[in-house]
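# Architecture at a glance
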Amino acid sequence: MSNIDSDRSNKSLLAQIANLNQTTNDVSRFILGIVDSLPVIRLIGYGLLILALFDVIEMFIPARFLNPNWEFQTFGALVERVAVPLIGFAFVFIAGSNERGNKEGIILKILSWLTLLLGIIYFITVPLGVINTARIYKQQQGQITARLNQQKTAIEQVKKNLNGSINEAQMQQILAQLNGGRAPEIKSPEELQQAKQQLSDFVNKGENELEAQVQAARFNQRINLLKKSVKWNLGALVSGALFITLWRNTGWARRA
């Protein structure tokens, strides 16, 4: 019985060794496959960085610095498209200094310092984004107020005309202006009074609707601006942190 148990134990041990060898071979082939694919991955990374550079050039032509709307939209575009350069840097720096060409060290050193610069730039854009948000909000509210005052002036003029002495011809002229050149013919004082009452009701209703529309426009513009500002400012913070992390983990490139 002991011989049989010993044979079984030996066979089991041999089977385990064979499985271990197979696993080791599989892992080796996998690692070799990754190593073989490193040049292609890094080439894709350089390509992504070049494409990102094209995007940045396109954003800044023409540049309109000190224009809050242009600065805000450009800031948002930089945040929205940050994934491409981040992936590009990750592909370029993959596997550290392994399998590198002799002339690649200088490029990697420059790119490593570039990640630090980009991280600082993204952090700096956060207060700039907050300032531009406030400037754009003030600008939008001023535009709404200007349009509101213009429309209120027109309404007040119509009210003044209605409260004053007005004849049938003048009423027809007012109705034609409000109705794109078309107006019903007014033939009697009764029709004039009826038209004045209808127009007065219409003007009062329009004035109330105008106030509601202005309040809705103010609210919608404020919410949309706030959503973009929060999204882009938080995105800039995350992007800056990721670039700084890349810089900290590529010290080997700066020492090369």
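The structure this text deals with has already been given above.
This section reports on the structure supplied with the text. (Residues numbered from 1 in each chain as written. Predicted model: local features only at pLDDT ≥ 70, side-chain atom pairs only at ≥ 80, totals over all residues. Heavy atoms only, no water.)

Mapped onto the fold, valine 82 is located in the loop between helix 2 (68-80) and helix 3 (83-93). Separated by 30 residues in the primary sequence, valine 82 and alanine 52 have C-alpha atoms spaced 8.4 Å apart. Every residue in contact with valine 82, bar those within four places of it in the chain, is listed here: Tyr122, Ser239 and Phe243. (Helix = DSSP H or I, 4+ residues; strand = E, 2+ residues; numbered from the N terminus. Contact = heavy atoms within 4.5 Å.)

With 23 residues, the main nonpolar core has Val79, Phe89, Phe93, Leu111, Tyr122, Ala236 and Phe243 as its most contacted residues. Secondary structure elements with two or more residues in this core: helix 1 (2-59), helix 2, helix 3, helix 4 (104-163) and helix 6 (189-248). Aside from chain neighbours lying at most four places away, what touches phenylalanine 243 is Val82, Pro85, Leu86, Phe89, Thr115, Leu118, Gly119 and Tyr122. Of all hydrophobic cores here, the second largest spans 8 residues; its members include Ile155, Val158, Leu199 and Leu210. (Core = buried A, V, L, I, M, F, W, Y, C linked by side-chain atoms within 4.5 Å. Buried < 20%, exposed > 50% of the residue type's maximum accessible area, 1.4 Å probe, protein only.)

A separate point is the environment of arginine 81. In this fold, arginine 81 is placed in the loop between helix 2 and helix 3. It is 8.0 Å that separates the C-alpha atoms of arginine 81 and alanine 52, two residues lying 29 residues apart in sequence. If near-sequence neighbours (up to four positions away) are discounted, arginine 81 is found in contact with Asp55, Glu58 and Met59.

Take helix 2 next. A rise of 1.5 Å per residue sets the reference length of helix 2, with its 13 residues, at 18 Å; its end C-alpha atoms lie 18 Å apart and thus fit the reference within 8%. With 10 of 13 residues buried, helix 2 lies mostly within the body of the structure. Residues of helix 2 that are buried: Pro68, Trp70, Glu71, Phe72, Thr74, Phe75, Gly76, Ala77, Leu78 and Val79. Residue asparagine 67 occupies the N-cap position of helix 2, its side-chain oxygen lying 3.0 Å from the main-chain nitrogen of asparagine 69. (Expected span 1.5 Å × (residues − 1). Polar contact = N/O pair within 3.5 Å; in protein donor to acceptor, adjacent residues only side chain to side chain.)

As a further point, take the packing of aromatic side chains. A full pass over the atoms with the stated rule returns 9 aromatic pairs. Between the aromatic rings of phenylalanine 89 and phenylalanine 93, the centroid separation amounts to 6.2 Å while the plane-to-plane angle is 10°, which identifies the pairing as stacked. On the criterion of helical spacing, the pair formed by phenylalanine 89 and phenylalanine 93 is a turn pair, its members being 4 residues apart in helix 3. Here tyrosine 122 and phenylalanine 243 contribute two aromatic rings whose centre-to-centre distance is 5.6 Å and whose plane-to-plane angle is 25°, an arrangement assigned as stacked. Separated by 121 residues along the polypeptide, tyrosine 122 in helix 4 and phenylalanine 243 in helix 6 bring together distant segments of the chain. You can call tyrosine 122 buried: its relative accessible area is 8%. With relative accessibility at 0%, the residue phenylalanine 243 sits in the buried group. Following the ring pairs from residue to residue traces out a cluster consisting of Phe89, Phe93, Tyr122, Phe243 and Trp252. For arginine 254, the ring lying beneath its charged end belongs to tryptophan 113, and the centroid distance is 5.3 Å. (Phe/Tyr/Trp six-rings, centres within 6.5 Å; stacked < 30°, edge-to-face > 60°. Lys NZ or Arg CZ within 6 Å of the ring centre and 35° of its normal.)

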